[in-house]
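# Commentary on secondary and tertiary structure
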Amino acid sequence: MASLSLRHIYKKYPGGVTAVSDFNLEVKDKEFLVLVGPSGCGKTTTLRMIAGLEEITEGELFIGDRLVNDVAPKDRKIAMVFQNYALYPHMSVFENMAFGLKLSKTPKEEIKRRVEDAARALDITHLLDRKPKALSGGQKQRVALGRAIVRNPQVFLLDEPLSNLDAKLRAAMRTELTRIHHRVETTFVYVTHDQVEAMTMATRIVVMKDGLIQQVDTPQNLYDSPCNQFVAGFIGTPQMNFMDGKLEKKGEDVYFTFENASIKLPAEKANAPELKDYIGKEVVVGLRPECIHDDAANLALFADATVDTDVDVTELMGAEIYLYLLVGETKLTARVSSRSTTRAGDKIKVAFDSTRIHIFDKDTEKCIIH
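What comes next concerns the included structure. (Residues numbered from 1 in each chain as written. Predicted model: local features only at pLDDT ≥ 70, side-chain atom pairs only at ≥ 80, totals over all residues. Heavy atoms only, no water.)

Now for the side chain of Asn96. Within the secondary structure, Asn96 is located in helix H2 (residues 93–103). Not counting chain neighbours up to four residues away, the residues in contact with Asn96 comprise Leu87, Tyr88, Met91, Pro132, Val143 and Arg147. (Helix = DSSP H or I, 4+ residues; strand = E, 2+ residues; numbered from the N terminus. Contact = heavy atoms within 4.5 Å.)

So, in structure tokens, the structure goes:
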């Protein structure tokens, strides 16, 4: 087992393209770390540098206590699981899983023991004699994982391994991967653009944008306390609502005004010292869809934070309903109870849970207060 240390890592390509900039990260032993971000943000490039498949332009990479910048991929004691599984079609499942061990001249009995142990852990013992073409997508995924497990790597690297699976299987494999991580007790570094995968599996998440780390934290902390608008908008489904408006002081109270609406901030937010310099200025307020309510109890509870809206579209999701609302030109999404009777075309009053408001600097997009 091993920790990972990435210190001031850069990846620059000819022509002045910088894919990864000043990447600093300490990955703890046995951690499940997820790199997440939009396409082209540098997450796969970072993973490939850890694997040794991309050369590091600047910086130092340690696996455990060993500097591995110039160590060949096969000698780094890592195992990589690719998006396309990369199974050999002419080999059986057993032969695919054993291939790396044969190359390293592992004794036959040891190969057999390790492959059978991994197959048992992954529930694919009955598939060992089959060829890849006879397997489903989920089974191929398990074989690819099994091929990595048998090598007893210090670090598992997984590059969007679930992206080729259908939605139902992807959800099942998320649970399976978490279970495997607990079982093998190895460091996992996992790349995905799917923030649901990141939220459900990670010990910690690294959010990336344009080759730069935006924030590193636990899933819950990222959700509750995003450091900027990008992280706030990227983490969470449906994404956070953003409203452009102004902070205004009326007597002892502070209000956020946007379009024709005015929301009173709770005292603990209004009196926050960080907010003092923003009174009278333009800001951006963020509020998650589950913090916008259409029921009588919340309309009474947050009477100082109610807004008149036009209901544009409603989506029944089974256990809940998404309301797509218009406040002037501002579009909002609310996630409400499936018992809601609100329908498209209605004009309704909604309540904002003002205790859950995030306020961002309009210019820097950094969070002022949560």
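When you tally the buried positions in strand E9 (residues 204–209), you get five out of six residues, the bulk of the element. Inspection of the sheet shows strand E3 (residues 32–36) paired to E9 by four bridges, in the parallel sense. Across the sheet, the residue bridging to Leu35 is Val206, located in E9. Between E9 and strand E10 (residues 212–217), which pair antiparallel and follow one another directly, the connecting turn spans two residues, one of which, Asp210, has a positive phi of 55°. (Buried < 20%, exposed > 50% of the residue type's maximum accessible area, 1.4 Å probe, protein only. Pairing = 2+ DSSP bridges.)

By volume, the largest pocket amounts to about 760 Å³. Looking at the largest pocket, it is lined by 27 residues, and the ones nearest its centre are Lys74, Ile78, Ala79, Gly100 and Arg151. Going through the elements one at a time, strand E6 (78–81), H2 and helix H4 (137–149) are the ones with two or more residues in the lining of the largest pocket. Take the lining of the largest pocket: its biggest share by element is five residues, from H2. Each residue belonging to the lining of the largest pocket can be placed in one class, and the counts come to 17 nonpolar, four polar and six charged. The computed volume of the second largest pocket comes to approximately 170 Å³. Lining the second largest pocket are 16 residues, with Lys264, Leu265, Pro266, Ala267 and Asp304 positioned closest to its centre. (1 Å grid on protein atoms, 1.4 Å probe; cavity = no way out; pocket = protein on both sides within 12 Å on 5 of 7 lines; lining within 4 Å. Points joined across faces, edges and corners; volume = space filled by probe spheres on them. Nonpolar A, V, L, I, M, F, W, Y, C, P; charged D, E, K, R; others polar.)

The subject of this paragraph is the environment of Arg147. Mapping Arg147 onto the fold places it in helix H4. The exposure class assigned to Arg147 is buried, which follows from its relative accessible area of 16%. Taking the C-alpha atoms as reference, Arg147 lies 41 Å from Arg288; in sequence the two are 141 residues apart. With residues near it in sequence (within four places) discarded, Arg147 still touches Tyr85, Ala86, Leu87, Asn96 and Met97. Within polar-contact distance, the side chain of Arg147 engages the backbone oxygen of Ala86 at 2.8 Å. (Polar contact = N/O pair within 3.5 Å; in protein donor to acceptor, adjacent residues only side chain to side chain.)

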